[in-house]
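Notes for the structure review
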Amino acid sequence: MKIDPLPSIRLLVLALCLLVAVRPAAQAEPLETSARQAIILDYRTGAILLEKNADELMAPSSMSKLMTAYLVFEKLKEGSWKMDDRLPVSETSWKRHFKSGGSLMFLPVGSEAKVSDLIRGVIIQSGNDACSVLAEAHSGTEEAFAEFATRRARDLGMRNTTLRNASGWPDPEHLTTARDLSILARRLITDFPEFFPIYSEREFVFNGIKQGNRNPLLYGVSGADGLKTGHTELAGYGLVGTVKRGERRLIMVINGLKSMKDRAEESQRLIEWAYREFENYALFKVGDVVTDAEVWLGEQATIPLVAAERLEVTMPRRARQGMKVTAVYTGPIAAPIRRGEVVGKLVITAPGIETVELPLAAGADVAKLGVIGRISTALRHILWGPKG
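Keep in mind the model is a prediction, meaning the values are calculated, not measured.

Looking only at helices and strands, the protein has 9 helices and 18 strands in total. Expressed as a percentage of the 388 residues in the protein, the buried residues total 53%. Taking the contacts inside the protein whose residues are at least 6 apart along the sequence as the reference set, 66% of them involve residues at least 24 apart. Only carbon and sulfur atoms are counted for the fraction: they give 52% of the accessible area of the protein, which is about 17,700 Å².

Because an α-helix completes one turn every 3.6 residues, residues spaced three or four positions apart along the sequence face the same direction. Across its 18 residues, helix α8 (residues 260-277) extends 26 Å between first and last C-alpha, which sits within 8% of the 26 Å expected from 1.5 Å per residue. Where α8 is concerned, the buried positions are Arg 263, Glu 266, Ser 267, Leu 270, Ile 271, Trp 273, Ala 274 and Tyr 275.

Attention now goes to the sheet that holds strand β10 (residues 248-257). Sheet architecture is open: 5 strands sit in the order β3-β2-β10-β9-β8, paired in antiparallel fashion. At either end of the open sheet lies a strand with only one pairing partner, and these are β3 (48-52) and β8 (224-232). For this sheet, the mean inter-axis angle between neighbouring strands, taken without regard to orientation, is 5 degrees. In this sheet, strand β9 (residues 236-245) lies alongside β8 in antiparallel orientation, the contact comprising 8 bridges. When the bridges of β9 are listed, Thr 232 appears paired with Gly 236.

Take Val 72: it is sitting in helix α1 (residues 65-78). A C-alpha to C-alpha distance of 10.0 Å links Val 72 and Leu 118, two positions 46 residues apart in sequence. Aside from chain neighbours lying at most four places away, what touches Val 72 is Trp 81, Val 115, Ile 119 and Leu 134.

On to the side chain of Asp 117, then. In this structure, Asp 117 sits in helix α3 (residues 115-123). The buried charged residue Asp 117 lacks any salt bridge partner; its closest oppositely charged side chain belongs to Lys 114, at an N-O distance of 4.9 Å. Here Asp 117 is in contact with Met 105, Phe 204 and Phe 206, once residues within four sequence places are set aside.

Each neighbour pair has its own omega, and for Gly 226 with Leu 227 the value is 10 degrees, a cis peptide bond. The omega torsion across Ala 335 and Pro 336 is 0 degrees, close enough to zero to call that bond cis. Inspection of the secondary structure assignment puts Pro 336 in the loop between β16 (333-334) and β17 (342-350). Residues other than glycine seldom take positive phi values, yet Phe 106 does so here, at roughly 65 degrees. With respect to the secondary-structure elements, Phe 106 resides in the loop between α2 (91-97) and β5 (112-114). Phi at Asn 207 takes a positive value of approximately 55 degrees, unusual for a residue other than glycine. On the secondary structure map, Asn 207 appears in the loop between β6 (203-206) and β7 (209-212). Residue classification places Asn 207 among the exposed residues on the basis of a relative accessible area of 53%.

All right, on to the nonpolar core then. With 55 residues, the main nonpolar core has Met 67, Phe 73, Leu 107, Leu 118 and Tyr 199 as its most contacted residues. Among the secondary structure elements, those contributing two or more residues to this core are β2 (37-42), α1, α3, α4 (128-139), α5 (142-155), α6 (178-191), β6 and β10. Ranked by the residues each element gives to this core, the list is headed by α1, at 8 residues. Setting aside its immediate chain neighbours within four residues, Leu 118 contacts Leu 87, Met 105, Leu 107, Ala 113, Ala 130, Val 133 and Leu 134. One finds Val 325, Tyr 329, Ile 348 and Ala 362 within the second-largest nonpolar core, a separate group that totals 25 residues.

Closest axis-to-axis distance for the α4/α5 pair is 8 Å, and the angle between their directions is 80 degrees. Relative to α5, the element α4 is oriented roughly perpendicular. Within the contact between the two elements, α4 uses Ser 132, Ala 135, Glu 136, His 138 and Ser 139 and α5 uses Glu 142, Ala 144, Phe 145 and Phe 148.

In this structure, Asp 180 sits in helix α6. Buried charge without a partner: Asp 180 forms no salt bridge, and the closest opposite charge is Arg 154, 6.3 Å away. Among the polar contacts listed, one links the side chain of Asp 180 to the side chain of Thr 161, at a separation of 2.7 Å. Those residues within four positions of Asp 180 in sequence are excluded, and the remaining contacts are Gly 157, Met 158, Arg 159, Asn 160 and Thr 161.

Attention now goes to the pattern of salt bridges. Per the stated rule, a full pass over the model turns up 24 salt bridges. Across the pair Glu 51 and Arg 179 runs a salt bridge whose closest N-O atoms are separated by 2.6 Å. In this pair, Glu 51 is assigned in strand β3 and Arg 179 in helix α6, connecting sequence segments 128 residues apart. Look at Glu 51 and you get partly exposed, because its relative accessible area is 35%. A residue is classified by how much of its surface remains accessible, and Arg 179, at 22% relative accessible area, is partly exposed. Its salt-bridge partner being Arg 120, residue Glu 201 comes within 3.0 Å of it at the nearest N-O pair.

A separate point is the pairing of strand β12 (residues 289-296). Inspection of the sheet shows β12 paired to strand β13 (residues 302-307) by 5 bridges, in the antiparallel sense. Across the sheet, the residue bridging to Ala 293 is Ile 303, located in β13. Where β12 folds back on β13, the antiparallel hairpin that results is connected by 5 residues, among which Leu 297 adopts a positive phi of roughly 60 degrees. Relative to β16, β12 is paired through 2 bridges, and the arrangement is parallel. The residue bridging Val 295 from the neighbouring strand is Ile 333, located in β16.

Definitions and cut-offs
- Residues numbered from 1 in each chain as written.
- Predicted model: local features only at pLDDT ≥ 70, side-chain atom pairs only at ≥ 80, totals over all residues.
- Heavy atoms only, no water.
- Helix = DSSP H or I, 4+ residues; strand = E, 2+ residues; numbered from the N terminus.
- Buried < 20%, exposed > 50% of the residue type's maximum accessible area, 1.4 Å probe, protein only.
- Contact = heavy atoms within 4.5 Å.
- Areas by Shrake-Rupley, 256 points an atom, 1.4 Å probe, with all protein chains shown as cover.
- Expected span 1.5 Å × (residues − 1).
- Pairing = 2+ DSSP bridges.
- Axes fitted to C-alpha atoms, helices over the stretch in contact; angles between N-to-C directions.
- Lys, Arg positive; Asp, Glu negative; His and termini not counted.
- Salt bridge = Lys/Arg side-chain N within 4 Å of Asp/Glu carboxyl O.
- Core = buried A, V, L, I, M, F, W, Y, C linked by side-chain atoms within 4.5 Å.
- Parallel < 35°, antiparallel > 145°, perpendicular 65-115°, else oblique.
- Polar contact = N/O pair within 3.5 Å; in protein donor to acceptor, adjacent residues only side chain to side chain.

None of the figures reported here should be taken as evidence of function without further support.
Have a look at this one:
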């Protein structure tokens, strides 16, 4: 006797009326900013809280030094460079900057400097000369370094970034976007936790010259610990900043401000707004049971459906009421079933909010019934129909 393994296919939807959160498609409400370009995102969920011209090409000025630091950190992490390694200050790198009027670490020509000093010269002092020394050590010439950095940026997902030097010195082809810089900031934090604390150091002394970190967030915003400022006449004043409070971290990129004062005030205002208006909510952890599903021709009648991924989502605080979480699967689910097998999805919806989906997996193994059991189940199904 041939037993139809699944004589009745039903779509079962379990509506869970919970206070939940979903990743927002945009900010809670329009917020004006004097920045020409801006983006704010949640580090952990990737939710965008605010954006303005985030994909518009712009001159990144010294904010592009984040890419130089990223490539140095890669060298350090892979072990090909050490913090105590000493790198030469060539005449080429010295001449490129010593009369430029840009920010300097004040490296003497013909000298050597430790990698640990040079990286602090880049991050804290925003030294253009330090960038050139590191670039030459990395790739032979700064031009070759810029080509490598552009390729590496594309690898990281910075699709609209083209770099022509290591420092952000004005060049009509040296361009990026606020979104690309936010991607880079997120990767710096994720990929190099051992080096990231350098970004929170407020001052650095080299060759008897003390210079302070120019990041205004470090001096006026609780939890601020990075990353980099920038300024040119063309680009205006910019900042890639990050703030961590408790388990929550935000990343912000702004550019095109008119003055250092505007940059300081606007960056603080936007960060405080983002923390005030949005919150992260943990909905399910991996393995949390969402619901039970009926099993067809299995050695047990039901199986727990569990979250296959952690779901932590960001949403406006005022919008969390009335969210709907729905477990969607085709059932009953035919045995055999393997633990961890994806058998459905969790769908979170709300008016005006981007839909979020999470895989639902089988929470246990369920073996198929033997021949007698399958025949008995099929007869019951024929005589009495499917349950429900």
